[in-house]
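Breakdown of the fold
Spelled out from the first residue to the last, the chains are:
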Amino acid sequence: MTKIFLPDIEATQQLGVTLGETLAAGSVILLEGDLGAGKTTLVQGIGKGLGIIDSIVSPTFTLINEYTEGRIPLYHLDLYRLEPQEVTGLNLESYWEGIEVAPGIVAIEWAQRMPYLPDSYLKICLNYGEDGDRQAEITAVTTNN
């Protein structure tokens, strides 16, 4: 696990830019953290790093926003309003397996609501620090199924 201190919104977005510039198609990012901790800000940075010019907003009500004009597609999902049994019916694996969509980066907010996980992913937990700053805890996970 890697911990990164994020003193402001710009630092959170810059972490996202770095991820967007370096991650390959098929990458999955599972985002966790309190409301307002910076999950959407991080995804906005990922989009910027991919060269996406559209405004990236949280898909809280639409569930999934697809951005396809960047270096590779970005699939932004938000599971905040769903229960785990509702998530099962979304067939999220089609995004990270590239079955029905072009392979891209899949960023999932409120990933703790997922009843199943991909074989490999980056788990990023965004937390508040004592002084109102933020911290990202990044863990690369690979399972052998």
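Reference entry: report on the structure contained in this document. Worth saying up front: this structure is predicted, and the values here are computed from it rather than measured.

**What to know about the overall build of the chain**
- Scanning the chain from N- to C-terminus turns up four helices and seven strands.
- The order of α-helices and β-strands along the chain, N terminus first, is β-α-β-α-β-β-α-α-β-β-β.
- Since a compact globule built from 145 residues should have a radius of gyration of about 15 Å, the 14 Å found for the chain is in line with a globular shape.
- Over its C-alpha atoms, taken along the principal directions, the chain stretches across nearly 40 × 35 × 30 Å.
- Relative to its full complement of 145 residues, the chain shows a buried share of 48%.
- A sequence separation of at least 24 residues applies to 63% of the contacts in the chain between residues at least 6 apart.
- Summed over its atoms, the accessible surface of the chain is roughly 7,400 Å², and 49% of this surface lies on carbon and sulfur atoms.
- Taken as two groups, the 8 positive and 20 negative side-chain charges of the chain have centres that lie 4 Å from each other.

**Focus on the pairing of strand β5 (residues 105–109)**
- Along β5, five of the five residues are buried, which leaves the element largely enclosed by surrounding structure.
- Here β5 shows two buried faces, one formed by Ile105, Ala107 and Glu109 and the other by Val106 and Ile108.
- Two elements, strand β2 (residues 28–33) and β5, share four bridges in a ladder whose sense is parallel. Within β5, the residue paired with Leu30 across the bridge is Ile108.
- The pairing of strand β4 (residues 74–78) with β5 spans five bridges and is parallel. Counterpart to Asp78 in the pairing with β5 is Glu109.

**Some words on helix α1 (residues 9–22)**
- Compared with the 20 Å implied by 1.5 Å per residue over 14 residues, the 20 Å span of α1 between its first and last C-alpha is a close match.
- The set of residues buried in α1 consists of Thr12, Leu15, Gly16, Val17, Leu19 and Gly20.
- Check the buried side of α1 and you find it contacts β1 (2–6), α2 (39–50), β6 (120–128) and β7 (134–142).

**A few points about unusual backbone geometry**
- Backbone geometry at Asn91 places phi at a positive 50°, although glycine is not the residue there.
- Positioned with a positive phi, Trp110 is a non-glycine residue whose angle comes to about 60°.
- Relative to the helices and strands, Trp110 is located in the loop between β5 and β6.
- On the basis of relative accessible area, Trp110 is assigned to the buried category, the value being 10%.

**Brief notes about the packing of aromatic side chains**
- The full count for this structure, using the stated rule, is three aromatic pairs.
- Between Tyr80 and Trp110, the aromatic rings sit 4.8 Å apart at their centres with planes inclined by 55°, giving tilted as the arrangement. In this pair, Tyr80 sits in the loop between β4 and α3 (84–88) while Trp110 sits in the loop between β5 and β6, placing the two residues 30 residues apart along the sequence.
- The exposure class of Tyr80 is partly exposed, given its relative accessible area of 29%.

**Brief notes about the packing of α1 against α2**
- Interaxial distance between α1 and α2 falls to 6 Å at its minimum, and their mutual angle equals 45°. Taken together, the axes of α1 and α2 lie oblique to each other. Of the two possible hands of crossing, α1 and α2 adopt the one that is right-handed. Here Ile9, Thr12, Gln13, Leu15, Gly16, Val17, Leu19, Gly20 and Glu21 of α1 lie close against α2, whose contacting residues are Thr41, Leu42, Gln44, Gly45, Ile46, Lys48, Gly49 and Leu50.

Reading guide: rules and limits
Residues numbered from 1 in each chain as written. Predicted model: local features only at pLDDT ≥ 70, side-chain atom pairs only at ≥ 80, totals over all residues. Heavy atoms only, no water. Helix = DSSP H or I, 4+ residues; strand = E, 2+ residues; numbered from the N terminus. Rg over C-alpha atoms; globule rule 2.2 N^0.38 Å. Buried < 20%, exposed > 50% of the residue type's maximum accessible area, 1.4 Å probe, protein only. Contact = heavy atoms within 4.5 Å. Areas by Shrake-Rupley, 256 points an atom, 1.4 Å probe, with all protein chains shown as cover. Lys, Arg positive; Asp, Glu negative; His and termini not counted. Charge placed at Lys NZ, Arg CZ, Asp CG, Glu CD. Pairing = 2+ DSSP bridges. Expected span 1.5 Å × (residues − 1). Phe/Tyr/Trp six-rings, centres within 6.5 Å; stacked < 30°, edge-to-face > 60°. Axes fitted to C-alpha atoms, helices over the stretch in contact; angles between N-to-C directions. Parallel < 35°, antiparallel > 145°, perpendicular 65-115°, else oblique. Left-handed = near helix turned anticlockwise from the far one by under 90°.

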